[in-house]
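# Structure at a glance
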Amino acid sequence: RRVLFRSIFIAFFSLFGFTFLVTQYFQFVRGYDPLESGLRTVPFAVGAGITAPIAARLAIRFGPKRVVPVGLLFMGVAQIWASTFEPDSAYWGPVVASMVLMACGLSLVTSPSSESVMGSLPREMAGVGSAINDTSREVGGTLGVAIIGSIFATTYGPRVVELLGGVGLPAEALAAAEESVGVAYVVAEGASDPAAAEAIRAAAGSAFLDGFQAACITVGVVAMLGALLAWRFLPARTPR
């Protein structure tokens, strides 16, 4: 059961970290408003909804050892794929395909893991098992945002300062742009020179993609390592 809980933890670590950054990618790099950005994540929900019942049946037929590692592998591959996004990457192409692949991977992890955990517990322990299952999701998601956000920030900050070094921004504006990509775009809006404003936006977008790439590669590697651990330690069949 511990391996199943850890698989759920890694899946939601990957999911929340990716979601935290991809919505910013849509808004700041692609220029969509918040509603448009949210609508462009709908394929993820559709993919997960379709795959979840199928994943549960696959786990019953083949066992969690053959299904859960594949799900984590899908999530890792999707994250590595997302690290290649550019400002002009086709939405109905690598962007949607990577989100759907990640959604399928999430379902292949969570449905079999939850079913195996609950099916292996006596009825009087069902509440405890459900609580630990939910805690694994919440803690994984929280740490995903915190750790992946930190990796992004430590890459984005120095990079945007480097790119803006020749623009001639005041120290206060440069420090603000270093703190947040959103603030960098606000600084660009306040620039009186259109050429300077465009340079600030270009630097912020480039630095964002550098941080996005580093974060996606990191979480993709974590998911792939989780797939190896699940394949190595999960039982072929969960005791009932």
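The paragraphs below set out a description of the structure included in this document.

Each value, and the rule that gives it
Residues numbered from 1 in each chain as written. Predicted model: local features only at pLDDT ≥ 70, side-chain atom pairs only at ≥ 80, totals over all residues. Heavy atoms only, no water. Salt bridge = Lys/Arg side-chain N within 4 Å of Asp/Glu carboxyl O. Helix = DSSP H or I, 4+ residues; strand = E, 2+ residues; numbered from the N terminus. Buried < 20%, exposed > 50% of the residue type's maximum accessible area, 1.4 Å probe, protein only. Phe/Tyr/Trp six-rings, centres within 6.5 Å; stacked < 30°, edge-to-face > 60°. Lys NZ or Arg CZ within 6 Å of the ring centre and 35° of its normal. Axes fitted to C-alpha atoms, helices over the stretch in contact; angles between N-to-C directions. Parallel < 35°, antiparallel > 145°, perpendicular 65-115°, else oblique. Left-handed = near helix turned anticlockwise from the far one by under 90°. Contact = heavy atoms within 4.5 Å. Nonpolar A, V, L, I, M, F, W, Y, C, P; charged D, E, K, R; others polar.

### Overview of the pattern of salt bridges
A side chain of one charge can pair with a side chain of the opposite charge when the charged atoms of the two come close. According to the stated counting rule, one finds four salt bridges in the structure shown. A salt bridge links R159 to E162, with the nearest nitrogen and oxygen atoms 3.2 Å apart. Highlighted residues: R159 and E162, both in helix α6 (residues 126–163), separated by three residues, approximately one helical turn. Look at R159 and you get partly exposed, because its relative accessible area is 25%.

### As for the packing of aromatic side chains
For the structure shown, the criterion picks out 13 aromatic pairs. Ring geometry for Y25 and F212: centres 5.7 Å apart, planes at 15 degrees, overall stacked. Of this pair, Y25 sits in helix α1 (residues 2–29) while F212 is found in helix α9 (residues 194–233), placing the two residues 187 residues apart along the sequence. Residue Y25 shares its accessibility class with F212, and that shared class is buried. Taking the centre distance of 6.2 Å and the plane angle of 65 degrees together, the rings of F26 and Y91 count as edge-to-face. Separated by 65 residues along the polypeptide, F26 in helix α1 and Y91 in helix α5 (residues 91–119) bring together distant segments of the chain. Judged by its relative accessible area of 12%, Y91 is buried. Grouped by ring-pair contacts, the aromatic residues Y25, F26, Y32, F85, Y91, W92, F152, Y156, F208 and F212 constitute a single cluster. Positioned above the aromatic ring of W231 is the side chain of K65, whose terminal nitrogen or guanidinium carbon lies 5.7 Å from the ring centre. Sitting above the plane of the F233 ring, R232 keeps its charged end 5.0 Å from the centroid.

### With respect to the packing of α1 against α9
Where α1 meets α9, the axes come as close as 10 Å, and the angle between the chain directions of the two elements is 165 degrees. Looking at the two axes, α1 sits roughly antiparallel to α9. α9 is crossed by α1, and the crossing has left-handed handedness. Facing α1, whose interface residues are V3, S7, I10, F13, S14, F18, L21, V22, Q24, Y25 and V29, α9 presents G205, F208, L209, F212, A215, V219, V222, A223, G226, L229, A230 and F233. Split into classes, the residues belonging to the contact of α1 with α9 amount to 18 nonpolar, five polar and no charged.

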